[in-house]
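Commentary on secondary and tertiary structure
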Amino acid sequence: MSLNRRNFLGAAAALTASPLLPRAAFAADSIKLGAIHDTSGIFDAYGKPMDQAVRLAVQEINAAGGILGREVEVFAYDTQSDMALYSQYGQQLTRQDRVDVVHGGILSASREAIRQTMRKTKTPYFYNVLYEGGVCDRNIFINGVTPAQQVEALVPYAMGKAAGKKVYILAADYNYGQITARWIQKFVADNGGEVVGTDFFPLDVSDFGSTLAKIQGAAPDLVIAPLVGGAHLSFFRQWAAAGMKGKIPLASTTLGVGNEQKVLTAEEGDGIMVAYNYSQELDTPANTAFKAAWAKAYGSSDNIHETAVSTYQGVKTWAKAVDMAGSLDRDALIAAMESGISIDGPSGKITVDAKTHHAVLDVHLMEFKGQKMQVIETLPQRQPIDTQAVCDLGTNPNDNTQYEIQI
Amino acid sequence: MDLSFVILIEMLYAVATLVLISAGLAVVFGMMKVINLAHGEFMMLGGYATITATSLGVNVFVAMLVIAPLIVGLIGLVVERLVIRHLYGRLVDTMLATWGLSLFFIGAATMIFGNTTTGISTPIPGFAVGAYQINGYNFFIILVAIALVLALLAVLKGSRAGLIARGAMQRSDMAAALGYSPDRIYMATFFCGSALSGLAGAVLAPLVGLVPTSGGAYIAKSFITVIAGGPALIAGLISSATSFGIVSQIFTFAVSPVMGEVALLVAAVILLRLMPQGITSRFFKGKL
């Protein structure tokens, strides 16, 4: 079942009117929550589930009596994978709809397109995506993993699985890949290893034949591949086709975020090591309940992915903070968020880091097996050490930069 | 020793890939002078045809070598009847029309197959050369490219149909005076060109993650190869694919894959500066 705002409001109104529900009707004016995601275009694989996650979280909040006794109303815009539309809808949300909070943005470019608008209009902004780290702005809250959180966990585990200490890195050629590659180099060195080669690939490269030969020439004991997007997926396919699988272990910081484990066949994917904040296979009561609620609302829970869960948790964290603050005032909300607030979400415990407005969260080490991401080990409550190294909103609350973290 | 063999195979593979992705365009653009900007989308459709047929239980080789070319050829036929045939001889107009077609195909594929990455795994296992593992599928691609060139040669040079087609492309009025219908000949040639594009997309499908916009990755390379090849269809295709494939692989191995792509483009610029009419305007003159 697809849920648009009209249907949803209809359903919410029906629920409100139902005399069976053990609560009073909502106060007259609703709380306005802005959602801004690419639900069409090339990023819709990420954006659609994120939009669904916002609606599911709000539905649950309203069913439990809303926030401060008021109903939450969703103002959702589809940015069509077009960065220009972010600025436009960002203006519309803040100046015309005058929403109380905005959740959304997917690519770093989209976040930067609306971040200043949110800051100027004093609209709290939640960016619920894993990204390259370094944003330092009192008005924004980010609950996705950053490279250091992920790589810090993944590298020692993957190196432990490898026969030796030589590592080869294959990364996407833009800021995420470059930054992540630098973190991998650091943690490989910290763990006593040696990087024998690093190659960067533009996003449209899909032929890795020569790369396979180069890698074998360097004879590494482990390959780590922060490759991004459909074209780069070819690498994992060609790696398996050349019979490299099982000879050199393979790890990635990106594969699986768009549910790629379901695109690769089991023979191609099995054994690839990853580390994320969420897997559908997480065996916790919170995740089981979440998947059931999702399946009930949308028919199937197959399309849930990491950023959708982050979005769901972002909305839930915001709701808890508003409840705690007792008002929608921005400064009261920020104070509540900085009080060390945490929620138990499908991905585990998420705590807001007051210093950086990033998240302290569980990182799960996983391996692909039978087109699923099997959780091997959970590393609880990892700090966003990369952003913490450059950002301190406690001593410098007026900071408004995205730092490039020097390693 | 092993490494030089591996590099040799990779070079052959790079050349074969360029031949494959450019063959359909060489027919449609080189012979018919239709700037087909939807060439990449024909390849993308070939890929989807293969994946769909395979998931319906058809043998993967049948799907790649028979079904995909046929389906894309038929799509090409419809496109030719509805759009292209009104635009022969109007170079710029064909460009605009086929660009629109390419957007249409991307949209249609997105609606039917969804905007997600799909794919099938390669049907041939890898094998070892000394200390190296090689993708066995590379050999298959090299074989298909060789077979394709031989078939083109046989049809265009050895058969009466090829002779008629070549004649009609040069002087359609004379062909008509001799009793052949240029309209029919153009239609058949466009069908063949589209089928070749479909074949290329199908054969490359197991190596890539296919999305509706996949075609864009091939279009520039195939145009460069065909234009740099010059007036002779087959000799031009082979000579430009060989030069670009070797140059890009040398730089890929010596420096990085990015430099390989850059080297290909730089080589194309230099080549076209030295030989603005393409390689075969100076060498292999008068060859097919």
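Residues numbered from 1 in each chain as written. Chains lettered and ligands numbered in written order. Predicted model: local features only at pLDDT ≥ 70, side-chain atom pairs only at ≥ 80, totals over all residues. Heavy atoms only, no water.

1. Considerations on the overall build of chain B
A tally of helices and strands in chain B yields 11 helices and 2 strands. The order of α-helices and β-strands along chain B, N terminus first, is α-α-α-α-β-β-α-α-α-α-α-α-α. The C-alpha radius of gyration computed for chain B amounts to 19 Å, which stays within 12% of the reference 19 Å derived for 288 residues, consistent with globular compactness. Referenced to the eigenvectors of the C-alpha coordinate spread, the extents of chain B come out at roughly 65 × 45 × 35 Å. Residue pairs in contact within chain B that sit at least 24 positions apart in sequence constitute 78% of those at least 6 positions apart. (Helix = DSSP H or I, 4+ residues; strand = E, 2+ residues; numbered from the N terminus. Rg over C-alpha atoms; globule rule 2.2 N^0.38 Å. Contact = heavy atoms within 4.5 Å.)

2. Some points on the overall build of chain A
A count of helices and strands for chain A gives 13 helices and 16 strands. What you see for chain A is a C-alpha radius of gyration of 21 Å, in line with the 22 Å of a compact globule of 407 residues. Taking the principal axes of the C-alpha coordinates as reference, chain A spans close to 70 × 45 × 35 Å. When the 407 residues of chain A are sorted by exposure, 58% land in the buried category. Sequence-distant contacts in chain A: of pairs separated by 6 or more residues, those separated by 24 or more amount to 70%. Of the roughly 14,500 Å² that chain A leaves accessible, carbon and sulfur atoms contribute 51%. Taking the average location of the 35 positive side-chain charges in chain A and that of its 43 negative ones, the two points are 3 Å from each other. (Buried < 20%, exposed > 50% of the residue type's maximum accessible area, 1.4 Å probe, protein only. Areas by Shrake-Rupley, 256 points an atom, 1.4 Å probe, with all protein chains shown as cover. Lys, Arg positive; Asp, Glu negative; His and termini not counted. Charge placed at Lys NZ, Arg CZ, Asp CG, Glu CD.)

3. Some points on the interface of chain B and chain A
Buried accessible area, meaning the area lost when the parts come together, often serves as the stated size of an interface. Tallying the contact residues gives 32 residues for chain B and 32 residues for chain A. Looking at the side of chain B facing chain A, the largest losses of area belong to Asn115(B), Gln133(B) and Pro257(B), adding up to 24% of the total buried there. Across the contact surface, chain B and chain A share 0 salt bridges. Inspection of the region where chain B meets chain A yields 7 residue pairs in polar contact (both at pLDDT 80 or more). At the level of elements, helix 1 (2–31), strand 2 (132–134), helix 10 (233–254) and helix 11 (257–274) of chain B are the ones that each hand at least two residues to the side of chain B that touches chain A. When its residues are assigned to classes, the side of chain B that touches chain A shows 16 nonpolar, 15 polar and 1 charged. (Buried area = accessible area lost by both parts, 1.4 Å probe. Salt bridge = Lys/Arg side-chain N within 4 Å of Asp/Glu carboxyl O. Polar contact = N/O pair within 3.5 Å; in protein donor to acceptor, adjacent residues only side chain to side chain. Nonpolar A, V, L, I, M, F, W, Y, C, P; charged D, E, K, R; others polar.)

4. Regarding a nonpolar patch on the surface
Nonpolar side chains collect at one region of the surface, where Ile246(B), Ile250(B), Phe251(B), Val255(B), Met259(B), Val262(B), Val266(B), Ile270(B) and Leu274(B) lie side by side and expose about 720 Å² of accessible area between them. Going through the elements one at a time, helix 10 and helix 11 of chain B are the ones with two or more residues in the nonpolar patch. (Patch = residues over 30% accessible without salt bridge, like charges linked within 9 Å, V, L, I, M, F, W, Y side chains within 5 Å.)

5. So, helix 3 (residues 83–96) of chain A
Residues and elements named next belong to chain A. The end-to-end C-alpha distance of helix 3, which contains 14 residues, comes to 20 Å, matching closely the 20 Å that a straight helix rising 1.5 Å per residue would cover. Listing the buried residues of helix 3 in full gives Leu-85, Tyr-86, Tyr-89, Gly-90, Leu-93 and Thr-94. Angular distribution of buried residues about the axis of helix 3 spans 150 degrees; they occupy a single face of the element. The opening residue of helix 3, the one whose side-chain oxygen lies 3.0 Å from the backbone nitrogen of Ala-84, is Asp-82. Immediately beyond the C-terminal end of helix 3, within one or two residues, lies Arg-98, with a positive phi of roughly 50 degrees. (Expected span 1.5 Å × (residues − 1). Arc of directions from axis to C-beta.)

6. Notes on the domain arrangement of chain A
Residues and elements named next belong to chain A. Assigned domains within chain A: domain 1 (5–145 + 282–362 + 384–402) and domain 2 (148–276). Computed over C-alpha atoms, the centres of domain 1 and domain 2 are 31 Å apart. Across the contact, 16 residues belong to domain 1 and 14 residues belong to domain 2. Around 1,300 Å² of area is buried between domain 1 and domain 2 when both sides are counted, 59% of it from carbon and sulfur atoms. (Domains from an automatic or database assignment.)

7. A closer look at the packing of aromatic side chains
Residues and elements named next belong to chain A. Following the criterion strictly, the structure yields 21 aromatic pairs over all chains and no others. An aromatic cluster is present here, built from Phe-201, Phe-208, Phe-235, Phe-236 and Trp-239 joined pairwise through their rings. Across from the ring centre of Phe-187, 5.5 Å away, lies the NZ or CZ of Lys-186, which sits over that ring. (Phe/Tyr/Trp six-rings, centres within 6.5 Å; stacked < 30°, edge-to-face > 60°. Lys NZ or Arg CZ within 6 Å of the ring centre and 35° of its normal.)

8. A few points about the sheet that holds strand 6 (residues 140–142) of chain A
Residues and elements named next belong to chain A. The 5 strands are arranged 2-1-3-4-6 in an open sheet whose pairing can be described as parallel. The sheet is open, and its two borders are formed by strand 2 (72–78) and strand 6, each paired with just one other strand. Pairwise comparison of adjacent strand axes, ignoring direction, gives a mean angle of 20 degrees for this sheet. The pairing of strand 1 (residues 31–37) with strand 3 (residues 101–104) spans 4 bridges and is classified as parallel. Residue pairing for strand 3: Ile-36 is matched across the bridge by Gly-104. (Pairing = 2+ DSSP bridges. Axes fitted to C-alpha atoms, helices over the stretch in contact; angles between N-to-C directions.)

9. Here we look at the pattern of salt bridges
The final tally for this structure, using the stated rule, is 21 salt bridges over all chains. In this structure, the salt-bridge partner of Asp331(A) is Arg138(A), at a minimum N-O distance of 3.7 Å. A residue pair is termed long-range when its members are at least 10 positions apart, and Asp331(A) in helix 12 (residues 330–337) and Arg138(A) in the loop between strand 5 (135–137) and strand 6 qualify at 193 residues. Between Asp93(B) and Arg90(B) there is a salt bridge, with the nearest N and O atoms lying 2.8 Å from each other. When salt bridges that share partners are traced, they join Arg111(A), Glu112(A), Arg115(A), Arg119(A), Glu132(A) and Asp137(A) into one network.

10. Remarks on helix 5 (residues 147–161) of chain A
Each turn of an α-helix holds 3.6 residues, which means side chains three or four residues apart point in the same direction. With 15 residues, helix 5 of chain A extends 21 Å from end C-alpha to end C-alpha; this agrees with the ideal 21 Å at 1.5 Å per step. Of the residues making up helix 5 of chain A, those classed as buried are Pro147(A), Ala148(A), Gln149(A), Gln150(A), Val151(A), Ala153(A), Leu154(A), Val155(A), Tyr157(A), Ala158(A) and Met159(A).

11. Observations regarding the packing of helix 3 (residues 60–82) of chain B against helix 5 (residues 137–158) of chain B
Residues and elements named next belong to chain B. Between helix 3 and helix 5, the least distance of the axes is 14 Å, while the angle of their chain directions is 25 degrees. Taken as axis vectors, helix 3 and helix 5 run roughly parallel relative to one another. For the pair helix 3 and helix 5, the crossing hand works out as right-handed. Contacts between helix 3 and helix 5 pair Phe-61, Met-64 and Leu-65 from the former with Tyr-137, Phe-140 and Val-144 from the latter. (Parallel < 35°, antiparallel > 145°, perpendicular 65-115°, else oblique. Left-handed = near helix turned anticlockwise from the far one by under 90°.)

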